[in-house]
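Letter by letter, the chains look like this.
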Amino acid sequence: MQRSALHGAGLGFRRDHLVALEQQVPDCIDFFEIAPENWIGTDPVSAKRLQAFTERYPFVCHGLSLSLGGLTPLNTELLTELKQFMQLHRIPLYTEHLSWCSDHGQLYDLLPIPFTEAAIQHTVARIRQTQDVLGQQIGIENASFYLQAPINEMDEATFINAVLTEADCLLHLDVNNVYVNSVNHAYDPYEFLRKLPKERVVYLHIAGHYQQEENLLIDTHGAPVIDPVWALLDFTYQQFGVFPTLLERDYHIPPLEELLPEVQHIASLQRKHAA
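Nothing here was measured: the structure is a model prediction, and the numbers come from that model.

(A) Examining the overall build of the protein chain more closely. When its secondary structure is counted, the protein chain shows nine helices and 12 strands. Viewed in the frame of its principal axes, the protein chain has a C-alpha envelope of about 50 × 40 × 35 Å. Once local pairs closer than 6 in sequence are excluded, the contacts in the protein chain between residues at least 24 apart make up 80%. A distance of 8 Å separates the average location of the 17 positive side-chain charges in the protein chain from that of its 35 negative side-chain charges.

Here it is in structure tokens:
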């Protein structure tokens, strides 16, 4: 297979599946997503095994630790390493979570940014700095969260739109996160999606989650996608058009073949709307 632009249905590139993928990449997988922090500075053998895939398949980098909403200075050393990594593997896109995850060290969780005008300006400045170092636009992913900050001055959609516009960046739209937040905070996920800017969407995420209580969902990426989330993805294609869409599975990772029906279902919805 020759490398091409990001399209179709994708899957997270995980070491758990590396041997199976080296034997054969299933036809339903059109692209991969990689967490660069897990591969930057890896051993030469692992780097060579990765490059065997990045030379043949489209990849996107999805960061875990930049902390765009954090208060400590941006990790410019990481950004420089990231730029070199993307150039080495010819990966054209980097996305990060619209959240914060550090305070003089990594907190190993993605925490929500308060929806205030001050937070917009702070986060926009950090996104612009990131884009300046990388020399390109990045995508920001709408995050799941479990508590509403008492200092919020606006709703989530208004906050996301303001950050996108003022930073002039792209939207990495996570459909499962929209659903999780809609249950946890009692809003209509379809109305939320209608408020987002189609012209800034670059690609989509879909995933499973854990239902802890009737009105409390935990965004685990550790279970199959449920029917209401598939329905929301179907609506997203109807509303926004067909975008590249990636299945996330980060915990309770099954063998590769058990994830393929979900990747194939993404592709079937894409074909339906393309037609």
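Additional details are given in the paragraphs that follow.
(B) Region of the structure containing helix H4 (residues 117-134). A rise of 1.5 Å per residue sets the reference length of H4, with its 18 residues, at 26 Å; its end C-alpha atoms lie 26 Å apart and thus fit the reference within 8%. Those residues of H4 that sit buried are Ala-119, Ile-120, Thr-123, Val-124, Arg-126, Ile-127, Thr-130, Gln-131 and Leu-134. Along H4, the residues classed as buried sweep out an arc of 165 degrees about the axis, all on the same side. Away from its buried face, by an angle of more than 90 degrees, H4 presents the exposed residues Ala-118 and Asp-132. In this structure, the buried side of H4 is in contact with helix H3 (76-89), strand S4 (94-97), strand S7 (139-141) and helix H5 (156-167).

(C) Expanded view of the sheet that holds S4. Strands sit in the order S1-S2-S3-S4-S7-S8-S9-S12 around a closed barrel of eight strands; the barrel is parallel. Direction aside, neighbouring strands of the sheet carry axes that sit 30 degrees apart on average. Strands in contact with helix H6 (residues 175-184) are S7, strand S8 (170-174) and strand S9 (201-207); relative to S8, the strand with the most contacts, it is inclined by about 65 degrees. Here helix H8 (residues 227-240) sits on the sheet in contact with S8, S9 and strand S12 (245-248), set at roughly 165 degrees to S9.

(D) Just the packing of aromatic side chains, in detail. By the definition in use, this model includes 12 aromatic pairs. Aromatic pair Phe-32 and Phe-59: ring centres 5.3 Å apart, planes at 35 degrees, arrangement tilted. Linking Phe-32 in strand S2 (residues 31-34) with Phe-59 in strand S3 (residues 59-62), this pair joins segments that are 27 residues apart in sequence. Across this residue pair, the class does not change: Phe-32 and Phe-59 are buried. Every member of this aromatic cluster is reached through a ring pair, and the members are Phe-13, Phe-32, Trp-39, Phe-53, Tyr-57 and Phe-59. Note that Arg-15 overlies the ring of Trp-39, its terminal NZ or CZ placed 3.8 Å from the centroid.

(E) Looking closely at the nonpolar core. Grouped together as the largest cluster of nonpolar side chains are 75 residues, with contacts concentrated most on Phe-13, Ile-29, Ile-34, Phe-59, Ile-140 and Leu-233. Of all hydrophobic cores here, the second largest spans seven residues; its members include Leu-93, Leu-170, Val-202 and Tyr-203.

(F) Spotlight on the pattern of salt bridges. Summed over all chains, the structure comprises seven salt bridges. Note that Arg-49 is salt-bridged to Glu-22, the shortest N-O span being 2.8 Å. Here Glu-22 lies in helix H1 (residues 18-23) and Arg-49 lies in helix H2 (residues 44-54), a separation of 27 residues in the sequence. Judged by relative accessible area, which is 30%, Arg-49 ranks as partly exposed.

(G) How the structure looks around the environment of Glu-214. One can find Glu-214 in the loop between strand S10 (210-213) and strand S11 (216-218). Note on Glu-214: relative accessible area 66%, which makes it exposed. Each C-alpha atom, one on Glu-214 and one on Asp-234, is 24 Å from the other, the two residues being 20 residues apart in sequence.

(H) Spotlight on the pairing of strand S1 (residues 9-12). Both faces of S1 are covered, namely the face carrying Ala-9 and Leu-11 and the face carrying Gly-10 and Gly-12. The sheet contact formed by S1 and S12 spans three bridges and is parallel. When the sheet's bridge partners are listed, Leu-11 is paired in S12 with Leu-247. Where S1 and S2 come together, three bridges link them in parallel fashion.

What counts and how
Within any chain, residue numbers begin from 1 and follow the written order of that chain's sequence. Given that the model is predicted, a residue must reach a pLDDT of at least 70 before its local features are reported, and side-chain atom pairs must reach 80 or more before they are shown or counted; all residues, however, enter totals for whole chains, interfaces and linings. Hydrogens and waters are ignored; side-chain quantities use all the structure's heavy atoms. Under the DSSP-based scheme used, a helix requires at least four consecutive residues in state H or I and a strand at least two consecutive residues in state E, with every element numbered from the N terminus. What makes two residues a contact is simply this: any of their non-hydrogen atoms within 4.5 Å. A residue counts as positive if it is Lys or Arg and as negative if it is Asp or Glu; His and the chain ends are not included. By convention, the point assigned to a charge is CZ for Arg, NZ for Lys, CD for Glu and CG for Asp. To estimate how far a helix should reach, multiply one less than its number of residues by 1.5 Å. Burial here depends on accessible area, computed with a 1.4 Å probe over protein chains only, as a share of the maximum for the residue type. Under 20% is buried, over 50% is exposed, and the range in between is partly exposed. Throughout, the arc means that of the directions going from the helix axis to the C-beta atoms. DSSP bridges decide pairing: two strands pair if at least two such bridges lie between them. Axis definition: a line fitted to C-alpha atoms, over the contacting stretch in the case of helices. Angles run 0 to 180 degrees between N-to-C directions. Paired rings are identified among Phe, Tyr and Trp, the last through its six-membered ring, by centres lying within 6.5 Å, and are further divided according to the angle between planes into stacked (under 30 degrees), edge-to-face (over 60) and tilted (the rest). Whether a charge sits over a ring depends on NZ of Lys or CZ of Arg being within 6 Å of the ring centre and within 35 degrees of the ring normal. For our purposes a nonpolar core is just a set of buried Ala, Val, Leu, Ile, Met, Phe, Trp, Tyr and Cys residues, chained together by side-chain atoms within 4.5 Å. Salt bridges are defined by distance alone: a side-chain nitrogen of Lys or Arg within 4 Å of a carboxyl oxygen of Asp or Glu.

These figures come from the coordinates and say nothing about function on their own.
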